[in-house]
Every structure is written in C-alpha cells, then in structure tokens.
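Chains, contacts and geometry: an overview
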Amino acid sequence: MTATPCFTSRLLALTILFCGLTYPLFAATQTTAPVTTLRIVGGLATGNRYSKFERPFWVSELSKLSGGKFTAEIVPFDRAGVPGSDMLRMMQLGVIPFGTALFSQMAIEAPQFNAPDLAGLNPDMQSVRNAVAAFRPYLEKSLQERYGVEVLAVYVYPPQVLFCKKPFANLSDLTKRRIRVANATQADFIEALGAIPFRTEFADIMNSMNAGNTDCAITAAMAGNTLGLHEITSHIHSLPMTWGLSVFAVNVATWHSLNPELKALLKRELPKLERAIWEESELDAIEGIVCNTGGAGCTNGRKGRMIAVRTSESDEQRRKQIFSGTVLPRWVQRCGVSCTTVWNQTVRAVVDVAPPQPK
C-alpha cells in the first residue's frame, strides 16, 4: 500500500495520539496481578448509543465483570481526530487496534460494504436485521482477509427519515425540493423522486436549513430533534431512507495477543452489548417521531408540533420501484461486477431483487 503525503502525515499524528494502542497496556496494581487497559475508539458521540451503552460498558462494566483485571478507556470517533474514511486503514495498520467504522464510510473505498443499507432497501427494523444477518458472513471474512481486522460487533443507528419545512402528503409531493442527504445512495433515491439532493455534514444541517439552502433534511428522528429541526420544520415522514450501520472491530494481531480470559469475556459480553444497542435504536426511532410530533411518550427529547406523514401504500410502491429501478442499478454501476457478486451471495437471499449486469 502506497500512502499519500497527506495520509502519511495523518498516520504519524494519529500514531502519536494513540501511542500505546497497538498492544494492551499493563500496569501493576497495589495488590496482585497486572491490569490490562484497552483503549477504544467508539461510535458517534451524539445519541443514546454511545452515552447509554458503549461508554458504560468499557469504562465500568468491563472492570466489574473481570473483577478489576481488565479496564478500558473510550473516545467517540468523531472526537478522536480520526477521519471516518481512514478508520479501517488505521485498524489495519494497528495504529487503532479497537475501532468503530461506519459502513457508509468504509464504502468510500469499497462500495460493496453499502449492500445491507442501500437507500430504500429496509423499510423497517426486521428488514435491516435480515439484511445484516445475510451480509455478516461476507463482512467478517472480507475484513479479516483483506484488512486484517476481526469483527466483534455490528451496531445500528436509528433510521434516517425526512424532515421538511413545508407540508407534503406523500413522497410524490417532494418533486423539485432541495433535500439534505448524507451519502450517494440517499442522493440516488432523492433524485428518483424528482427532488434535488444536497450533500452536507450533520453538523451543518441547521445552518443550511436556516440559510434557505435546503427545504428538507434526511437524518435520524431523535438526532434531528436534538439539533432543533422540530422548531424549523413542519412535517416528518416515517419511512426509513437508510439506517446507519457500523462495525466494531479489532486488529487481528492485537486480538491474538490478548489475554485468553479477556478474549473469552469480550466474546461473551459484546453480543449482549450489540443486542442492547439494536433494541435501543428501535425504541429511539419510535420515540423520535413521538417527540417531534409532541406525543405523550417523549422522555428523552424535546416536544415539537410536527405532523407525521405515515408511509402510504403508494409510498411503499414508490420505494420498491426506486430501489430496484434506480438505487440498486446505480450502486452496481459505481461498484461493478464485484458488487453484483456480493449482492447475489448475501442480501439477495432476503430481498429477492436481481441487480442489473454492470456495463
């Protein structure tokens, strides 16, 4: 692998920043055996997933479960000074042994990682569960063989839904509106609706909406509530555009060097953490709509006065048409024959849509 000067300088800075991360750190306690302290780069700082589950597990639960033998420190990746697009390579190199990478950002380098979360693919939680289950064997094998990292967990964020300033009754009403999107497959879906995709970062959504650059924005319902979107938009659609998947993984060399007792503990406990995060994301999706519309079940957000636009039968038909006729073909076109193969071997088992042959 030939590194660009820009990447090389970032690598040097991150090596210094995460000095000591390549292997577990050992420190003598006042009583008996040494303590292994892991350093973890977790998920996004915003939302319940990190604050309610990831951070408590690594900072406190790990020590309790091991009787103080194993401890950890964690930092969210959006505050660790690590570009998301570099995370997989940082883990591959061992600079960050334990890290979290978004599927959408891994897909910048390898588009096949978008397969289980293409826009319009998963209209509900069960659908995304099925897609991930079908894709996971490929994910684990590919990351281990191509990148030298071991998958420890797959996490999901709440669904990305649509906030709009002006009223609409269904997806067909969105024609010609400028809509904030987060990735290429969302842009494909929005263009197929006859609307105009506008790429911007999550942190810039409010500025863009207030400046009049966008009419609508796609983001998670509770995340949008945290930003204050419920105060400047009037309607929210319940259809998930995408969900937001991430993988928590470890450099293979680091994994093999760990204390066997610690490895066994992580293999036992991380699936429990994964299940808790998936359950929380499902609850978050429901409460996000409730809070933005001012419902009685809002406890973790701010109550708004938005109108919820529920997915109609015509919306569901439009979703299917756009996915099979636009999103899937454009993804294959960008990725080529490798994505066709991956799709047919993984997600097609649970979503029987045939991809077009790449030209």
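Check the entry above for the structure.
Source: prediction; values computed, not measured.

1. Section: the nonpolar core
- Ranked by size, the top nonpolar core spans 67 residues in total, and within it Met106, Leu139, Leu143, Leu174, Val247 and Trp343 carry the most contacts.
- The element that contributes the greatest number of residues to this core is helix H5 (residues 125–147), accounting for 8 residues.
- Among all residues touching Met106, those that are not within four sequence positions of it are Leu88, Ala101, Phe113, Leu139, Leu143 and Val247.

2. Focus: the packing of helix H11 (residues 313–335) against helix H12 (residues 337–345)
- Where H11 meets H12, the axes come as close as 6 Å, and the angle between the chain directions of the two elements is 125 degrees. As the angle between them shows, H11 and H12 are arranged oblique. The residues of H12 that touch H11, namely those facing Phe323, Leu328, Trp331, Val332 and Cys335, are Val337, Ser338, Cys339, Thr340 and Trp343.
- Taken together, the residues of the contact of H11 with H12 break down into 8 nonpolar, 2 polar and no charged.

3. Looking at the pattern of salt bridges
- By the definition in use, this model includes 16 salt bridges.
- Salt-bridge contacts for Glu140 lead to Arg136; the nearest nitrogen and oxygen are separated by 3.1 Å. Highlighted residues: Glu140 and Arg136, both in helix H5, separated by 4 residues, approximately one helical turn.
- Given the relative accessible area of 34%, Glu140 is considered partly exposed.
- Salt-bridge contacts for Lys272 lead to Glu269; the nearest nitrogen and oxygen are separated by 3.4 Å. Of this pair, Lys272 and Glu269 both sit in helix H10 (residues 260–292), 3 residues apart, which is roughly one turn of the helix.

4. What about the side chain of Glu280?
- Here Glu280 shows up in helix H10.
- On the basis of relative accessible area, Glu280 is assigned to the buried category, the value being 11%.

5. A short note on unusual backbone geometry
- Positive phi, normally seen in glycine, also occurs at Lys176, with a value near 75 degrees.
- With respect to the element layout, Lys176 can be found in the loop between strand E6 (160–164) and strand E7 (178–181).

6. Remarks on the pairing of strand E10 (residues 235–242)
- The element E10 is largely enclosed, with a buried count of 7 among its 8 residues.
- Bridging between E6 and E10 involves 4 bridges; their strand directions are antiparallel. When the sheet's bridge partners are listed, Cys164 is paired in E10 with His235.
- Here E10 pairs with strand E12 (residues 307–309) via 3 bridges, running parallel. What sits directly across from His237, in E12, is Val309.

7. Side note on the pairing of strand E2 (residues 35–42)
- Burial analysis of E2 places 7 of its 8 residues in the buried class, the great majority of the element.
- Remark: the E2/helix H2 (residues 48–65)/strand E3 (residues 70–76) crossover connection has right-handed handedness.

8. Comments concerning the sheet that holds strand E9 (residues 216–220)
- With respect to topology, 6 strands assemble into an open sheet ordered E8-E7-E9-E6-E10-E12, the strand pairing being mixed. Each of the sheet's edge strands pairs with one partner strand only, and the pair in question is strand E8 (196–199) and E12. When the angles between neighbouring strand axes are averaged without regard to direction, this sheet yields 35 degrees.

Rules used throughout
Residues numbered from 1 in each chain as written. Predicted model: local features only at pLDDT ≥ 70, side-chain atom pairs only at ≥ 80, totals over all residues. Heavy atoms only, no water. Core = buried A, V, L, I, M, F, W, Y, C linked by side-chain atoms within 4.5 Å. Buried < 20%, exposed > 50% of the residue type's maximum accessible area, 1.4 Å probe, protein only. Helix = DSSP H or I, 4+ residues; strand = E, 2+ residues; numbered from the N terminus. Contact = heavy atoms within 4.5 Å. Axes fitted to C-alpha atoms, helices over the stretch in contact; angles between N-to-C directions. Parallel < 35°, antiparallel > 145°, perpendicular 65-115°, else oblique. Nonpolar A, V, L, I, M, F, W, Y, C, P; charged D, E, K, R; others polar. Salt bridge = Lys/Arg side-chain N within 4 Å of Asp/Glu carboxyl O. Pairing = 2+ DSSP bridges. Right-handed = clockwise from strand over helix to strand, strands pointing away.

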